[in-house]
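# Summary of structural features
For reference, the chains in residue letters:
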Amino acid sequence: MTFPAKPQVRPARPEFSSGPCPKRPGWSAEAVAAKAWLGRSHRAAGPKAQLKQAIDRTAAMLGLPADWRVGIVPASDTGAVEMALWSLLGPRPTDVLAWESFGAGWATDVVKQLKLPDVNVLKADYGQLPDLTAVRPEADIVFTWNGTTSGARVPNADWLPAAREGLAICDATSAVFAQELDWSKLDVVTFSWQKVMGGEGAHGMLMLSPRAVERLETFAPDRPLPKIFRLTKNGKLIEGIFRGETINTPSMLCVADYIDALDWAESIGGAPALRARADANFAALQAWVDATPWVENLVADPAARSNTSVCLRIVDPGVAALPDAEQKAFVKRMVKLLEDEGAAFDVNGYRDAPAGLRIWCGATVETDDVKALTPWLDWAFAQALAEAQAA
């Protein structure tokens, strides 16, 4: 093979992590600190108003229906999903869709921890989607909209029955703000600030439709619920959670950081602009993939390819023929070369996923940085291959 010369131009911001994701362009700690209610109780009027502001601006930017609730909850997206699963599931059959690590984790919780009696787990390998037509209209449905660890997303919500009897519970943490969601087909949606908005971790967002609220107020699980999972009291929704009265103490610095991200998003045109930026980043990366013989998108179906957590597999015959552990070692060497050069950070695939690269293309990434990255990927591949052949 022709050994490419080391590129001379590096991405201005080489952060391509899929979580925590890159900060918004122009971010500064000073700008965030200026917005933060530091050293103040989150129950005080000013901090509580800022929490409510984060809730209201989220709903407005996402175009959420007026009768939905939005709350800030503990433990990032994981906490928000777990609250939904433990508080809502039980009165109906449950279908869980699993095509990557987080979906598989929700399936484990439903089957082995909640031990619900009538559960269908619809599985698919990394890079593929399960049979979406197999979901039952009478069942509660649990799924990830965008598989952060596989790069596969549902292309739309057409497969969800409009007249469904069960609830649709959607982990949308790497989709919200970058992909259009059909709110009419969903009942519970969760996400975290550290994905598309580039915020800080530890806080989750829980969004509930009227149907989900009705379930909460009419279904009393026969299992213990820890305090951080409790959304009702005496059979009624705890409305304070959805007015900024958080269950536990939030980080007001993280809240200010999210407000800062919302300010930036509004300044560039809101959710449509955020989606357009992610689409442009993905298009730039995929154009290079299509022109490069040694790599392919892990997701074969273009309609199911994520525009945020883009997962790539190495198809060079010599590398693809290696045992999985050796393929992962090869990718790890590529990642180390890129990090040492300051060309890309945190682009290794997820630990449970097939060997490959995972490159975040969400809205806070600049397209010029994606374009600057691709020659470095070619260089790192050639360098790692030469080292492997010489060994």
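You'll find the structure just up there.
Structural notes, computed from the coordinates. On a predicted model such as this, the values are computed, not experimentally measured, just so you know.

### Focus: the sheet that holds strand β11 (residues 309-314)
Strand order across the open sheet formed by three strands is β10-β11-β12, with antiparallel pairing between neighbours. At either end of the open sheet lies a strand with only one pairing partner, and these are β10 (295-297) and β12 (357-360). Each strand axis lies, on average, 30° off the axis of its neighbour in the sheet, ignoring direction. Across the face of the sheet, helix α7 (residues 270-291) comes into contact with β10, β11 and β12 while running at roughly 135° to β10.

### Focus: the pairing of β12
Judged by which residues are buried, β12 turns out to be covered on both faces: Leu357 and Ile359 on one side and Arg358 and Trp360 on the other are all buried. Sheet analysis places β11 next to β12, joined by four bridges and oriented antiparallel. Paired with Leu312 across the two strands is Leu357, which belongs to β12.

### Looking at the sheet that holds strand β2 (residues 94-98)
With respect to topology, seven strands assemble into an open sheet ordered β1-β7-β6-β5-β4-β2-β3, the strand pairing being mixed. The open sheet has two edge strands, β1 (69-74) and β3 (119-123), and neither has a second partner. Here the average twist between neighbouring strands, direction ignored, is 15°. Sitting on the sheet, helix α5 (residues 210-218) touches β1, β4 (140-144), β6 (188-192) and β7 (203-208), and the angle it makes with β7 is about 95°.

### Remarks on the packing of helix α6 (residues 252-268) against α7
Where α6 contacts α7, the axes come no closer than 7 Å and their chain directions differ by 90°. Accordingly, the angle class assigned to the pair α6 and α7 is roughly perpendicular. Here Trp264, Ala265, Glu266 and Ile268 of α6 lie close against α7, whose contacting residues are Gly270, Ala273, Leu274 and Arg277. The residue inventory of the contact of α6 with α7, partitioned by class, reads five nonpolar, one polar and two charged.

### Overview of the packing of aromatic side chains
Scanning all chains against the criterion turns up 11 aromatic pairs. Ring plane angle 45° and centroid distance 6.3 Å describe the contact between Trp86 and Phe229, whose orientation is recorded as tilted. Residue Trp86 is found in helix α3 (residues 76-88), and its partner Phe229 is found in the loop between α5 and β8 (232-233); the two are separated by 143 residues along the sequence. Ring centres 4.7 Å apart and planes at 5° place the aromatic pair Trp193 and Tyr258 in the stacked group. Taken together, the residues Trp193 in the loop between β6 and β7 and Tyr258 in helix α6 connect sequence positions 65 residues apart. Here Trp193 falls in the buried class, since its relative accessible area comes to 0%. Among the residues examined, Tyr258 registers a relative accessible area of 0% and is labelled buried. Taken together through their ring pairs, the aromatic side chains of Trp288, Trp294, Phe330 and Phe381 make up a single cluster.

### Considerations on helix α9 (residues 324-340)
With 17 residues, α9 extends 24 Å between its outermost C-alpha atoms, agreeing within 8% with the 24 Å of an ideal straight helix rising 1.5 Å per residue. Considered for burial, the residues of α9 that qualify are Gln327, Phe330, Val331, Met334, Val335, Leu337 and Leu338. Buried residues in α9, looked at end-on, bunch into an arc of 160°, giving them a common side. Exposed side of α9, more than 90 degrees from the buried face: Ala325, Lys332 and Asp340 are the residues found there. Each element contacted by the buried residues of α9 is listed here: β11, α8 (317-320), β12 and α10 (367-390). Backbone geometry just after α9 places Gly342 at a positive phi near 65°.

### Observations concerning the packing of helix α2 (residues 45-62) against α6
A pair of packed helices is characterised by two quantities: the angle between their axes and the separation of those axes. Where α2 contacts α6, the two axes come as close as 10 Å, and the packing angle between them is 35°. The handedness of the crossing between α2 and α6 comes out as left-handed. In contact with Pro47, Gln50, Leu51, Gln53, Ala54, Arg57, Thr58 and Met61 of α2, α6 contributes Met252, Val255, Ala256, Tyr258, Ile259, Leu262, Asp263, Ala265 and Glu266. The residue inventory of the contact of α2 with α6, partitioned by class, reads 11 nonpolar, three polar and three charged.

### Observations regarding the pattern of salt bridges
As enumerated under the stated definition, the model contains 24 salt bridges in all. Among the ionic pairs, Lys23 bridges to Asp257, the shortest N-O distance being 2.6 Å. Here Lys23, found in the segment before α1 (29-35), pairs with Asp257, found in helix α6; they are 234 residues apart in sequence, far enough to count as distant. The residues Lys23 and Asp257 share a single accessibility class, namely buried. Residues Glu245 and Arg243 are paired through a salt bridge, measuring 3.9 Å at the closest nitrogen-oxygen approach. The exposure class of Glu245 is partly exposed, given its relative accessible area of 29%. Through salt bridges with shared partners, a single network forms among Arg24, Lys35, Arg57, Asp260, Asp263 and Glu266.

### Here we look at the nonpolar core
One broad rule of soluble globular proteins: the nonpolar side chains tend to lie buried together. Within the largest apolar cluster, 93 residues are counted, with the highest numbers of intra-cluster contacts made by Phe143, Trp145, Phe177, Leu186 and Val189. Beyond its immediate stretch of four places on either side in the chain, Phe177 contacts Thr58, Met61, Leu62, Phe191, Val196, Met197, Tyr258, Ala271, Leu274 and Arg275. Among the nonpolar cores identified, the runner-up in size contains 31 residues, and Leu85, Leu208, Val213 and Phe242 belong to it.

### Considerations on the state of the cysteines
This structure, assessed with the given rule, holds zero disulfides. Cysteine Cys254 shares no disulfide, and the gap to the nearest cysteine sulfur, in Cys21, comes to 15 Å. The closest cysteine sulfur to the non-disulfide-bonded Cys311 is located on Cys361, 10 Å from its own sulfur. Overall, the relative accessible area of 4% leaves Cys311 in the buried class.

Quick notes on the rules
Residues numbered from 1 in each chain as written. Predicted model: local features only at pLDDT ≥ 70, side-chain atom pairs only at ≥ 80, totals over all residues. Heavy atoms only, no water. Pairing = 2+ DSSP bridges. Helix = DSSP H or I, 4+ residues; strand = E, 2+ residues; numbered from the N terminus. Axes fitted to C-alpha atoms, helices over the stretch in contact; angles between N-to-C directions. Contact = heavy atoms within 4.5 Å. Buried < 20%, exposed > 50% of the residue type's maximum accessible area, 1.4 Å probe, protein only. Parallel < 35°, antiparallel > 145°, perpendicular 65-115°, else oblique. Nonpolar A, V, L, I, M, F, W, Y, C, P; charged D, E, K, R; others polar. Phe/Tyr/Trp six-rings, centres within 6.5 Å; stacked < 30°, edge-to-face > 60°. Expected span 1.5 Å × (residues − 1). Arc of directions from axis to C-beta. Left-handed = near helix turned anticlockwise from the far one by under 90°. Salt bridge = Lys/Arg side-chain N within 4 Å of Asp/Glu carboxyl O. Core = buried A, V, L, I, M, F, W, Y, C linked by side-chain atoms within 4.5 Å. Disulfide = S-S within 2.5 Å.

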